[in-house]
Amino acid sequence: MVNIYDAGPFEGRREQWPVLAVSGDLEVRLAETDLEVEQAQRLRYAVFYEEMSAIASPRMRELGRDFDKFDDVCDHLLVVDRAAHDDDGQPLVVGTYRMTREQDAARAGGFYTAGEYDISPMLNGMPAGTKFLELGRSCILKSYRSRPGTMQLLWKGLLAYVARFDIDLMFGCASFSGTDPAALALPLSYLHHYHPIAEGLRVKARPELFVDMNRMSKDQCDPRDGLRALPPMLKGYVRAGCCIGDGAVVDRQFGTTDVFIFFPLSGLDSRYRSRFGLVI
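All residue numbers refer to position in the chain's written sequence, counted from 1. Confidence filtering applies because this is a predicted model: local features only for residues at pLDDT of at least 70, side-chain atom pairs given and counted only at 80 or more, and all residues used for totals across whole chains, interfaces and linings. Where side-chain values are given, they derive from all heavy atoms of the structure, hydrogens and water being excluded.

**Description of unusual backbone geometry**
A positive phi angle, near 50 degrees, is found at Arg-137, a position not held by glycine. Secondary structure follows DSSP: runs of H or I at least 4 residues long count as helices, runs of E at least 2 residues long count as strands, and numbering of each begins at the N terminus. Here Arg-137 shows up in strand β6 (residues 132-140). For Asp-166, which is not a glycine, the phi torsion comes out positive at approximately 55 degrees. Relative to the helices and strands, Asp-166 is located in the loop between α5 (148-164) and β7 (169-177). The class of Asp-166 is partly exposed, set by a relative accessible area of 32%. In this scheme, a residue with accessible area under 20% of its type's maximum is buried, one over 50% is exposed, and one in between is partly exposed, where area comes from a 1.4 Å probe on protein chains only.

**Thoughts on the pairing of strand β3 (residues 75-85)**
Of all eleven residues making up β3, eight are buried, and the element is well covered by its neighbours. If DSSP finds at least two bridges between two strands, the strands pair. Looking at chain direction, strand β2 (residues 26-30) and β3 are connected through five bridges and run antiparallel. Bridging across to β3, Leu-30 finds its partner in Leu-77. Sheet analysis places β3 next to strand β4 (residues 91-101), joined by eight bridges and oriented antiparallel. When the bridges of β4 are listed, Leu-78 appears paired with Thr-96. The antiparallel hairpin formed by β3 and β4 contains five residues in its connecting segment, where Gly-89 sits at a positive phi of about 80 degrees.

**A look at the nonpolar core**
Core analysis: the biggest nonpolar cluster contains 50 residues, and Leu-191, Leu-234, Tyr-237 and Val-259 have the highest contact counts within it. Ranked by the residues each element gives to this core, the list is headed by α5, at eight residues. Here, two residues are considered to be in contact whenever any of their heavy atoms come within 4.5 Å of each other. Leave out the neighbours within four places in its chain, and Val-259 touches Tyr-117, Gly-172, Cys-173, Ala-174, Phe-176, Leu-188, Leu-191, Met-213, Leu-234, Ile-244 and Ala-248. By nonpolar core we mean a set of buried residues, namely Ala, Val, Leu, Ile, Met, Phe, Trp, Tyr and Cys, connected to one another through side-chain atoms within 4.5 Å.

**Examining the pairing of β7**
Bridge count for β6 against β7 is four bridges, and the pairing is parallel. Bridged to Leu-133 within β7 is Met-170. Relative to strand β11 (residues 256-264), β7 is paired through nine bridges, and the arrangement is antiparallel. Looking at the pairing, Met-170 lines up with Phe-263 of β11.

**Here we look at the pattern of salt bridges**
The term salt bridge refers to a side-chain nitrogen of Lys or Arg lying within 4 Å of a carboxyl oxygen of Asp or Glu. In this structure the tally under the stated criterion is 18 salt bridges. The shortest N-O distance in the salt bridge between Arg-42 and Asp-88 comes to 3.7 Å. Of this pair, Arg-42 sits in helix α1 (residues 34-51) while Asp-88 sits in the loop between β3 and β4, and the two are 46 residues apart along the sequence. Take Arg-42: its relative accessible area is 28%, and that puts it in the partly exposed class. The salt bridge partner of Arg-98 is Asp-71, with a shortest N-O separation of 2.8 Å. One end of the pair, Arg-98, is in strand β4; the other, Asp-71, is in the loop between α2 (58-63) and β3, with 27 residues separating them in the sequence.

**Quick word on the environment of Leu-20**
Along the chain, Leu-20 falls in strand β1 (residues 19-23). Judged by its relative accessible area of 6%, Leu-20 is buried. Taking C-alpha positions, Leu-20 is 8.1 Å from Tyr-161, a pair spaced 141 residues apart along the chain.

**Here we look at the packing of aromatic side chains**
Here a pair means two rings of Phe, Tyr or Trp (six-membered ring of Trp) with centres within 6.5 Å. Their orientation is stacked below 30 degrees between planes, edge-to-face above 60, and tilted elsewhere. Scanning all chains against the criterion turns up 13 aromatic pairs. Here Tyr-117 and Phe-260 contribute two aromatic rings whose centre-to-centre distance is 5.5 Å and whose plane-to-plane angle is 45 degrees, an arrangement assigned as tilted. One end of the pair, Tyr-117, is in strand β5 (residues 117-118); the other, Phe-260, is in strand β11, and 143 residues separate them in sequence. You'll find Tyr-117 and Phe-260 in the same group, each marked buried. When the centroid spacing of 6.4 Å and the interplanar angle of 80 degrees are considered together, the rings of Phe-132 and Phe-171 count as edge-to-face. Of this pair, Phe-132 sits in strand β6 while Phe-171 sits in strand β7, and the two are 39 residues apart along the sequence. The buried category is assigned to Phe-132, whose relative accessible area is 5%. The exposure class assigned to Phe-171 is buried, which follows from its relative accessible area of 0%. What links up through ring pairs into an aromatic cluster is the set Phe-111, Tyr-117, Phe-132, Phe-171 and Phe-260. Any Lys NZ or Arg CZ that is within 6 Å of a ring centre and within 35 degrees of that ring's normal is treated as a charge sitting over the ring. Between the NZ or CZ atom of Lys-204 and the centre of the ring of Phe-210, over which it lies, the distance is 5.3 Å.

Laid out in structure tokens, this is it:
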């Protein structure tokens, strides 16, 4: 397990660490045990493979869990409903994020995102000492998505983690459902024209995977319509101030079209700082 008790510059700021926030019966916390990681993996399997169209390996189908080598080195953020229980009698995990710091990625041979994008311009172009956090495998149980508190708790927990470890930059892949980029022409073009990463830091999809996002001219792309066409998680990222890499990637295993998110915390919208109590 990753040592979630590693000291950070805000050590002692939250007395109940690894419980990061509570709202009614819901709490957001970091997984401390293998069982809690498995609960997150079962939630991911239910969302990605049973509800959506991801293709599971035989072992995943046998266990009913989504997993890979990165799960053993990263931190898992969980939203737990203490008033509901799973088949093992444990409080039900209804939301999750997978978070990987640089020292954790080194143990796995690199960041997960590097399988789709050339992230070297970002890693080499940021100032020395920049602290990176890769985000991935985010999902919420379907019956909880209409409850705004679930997503808010996930974000609140994420930003508490960011403060604890003094993270400078978050990044990763965000996904559209479906593998036909032509059907996503409006939102992909909107992201391409209105939210690009600065040229010197621009992350680009690997050449063999690159899908052009510039499918409509900027004049044809109404930003309001483009924003509305984004899935909720990606819309939240954009509203909070993230930028988008060059090129999309079609992920056949998960049945998605992915884009790269680049999220310097210095650019976090002031509304989000205030809402989630982040001071950086």
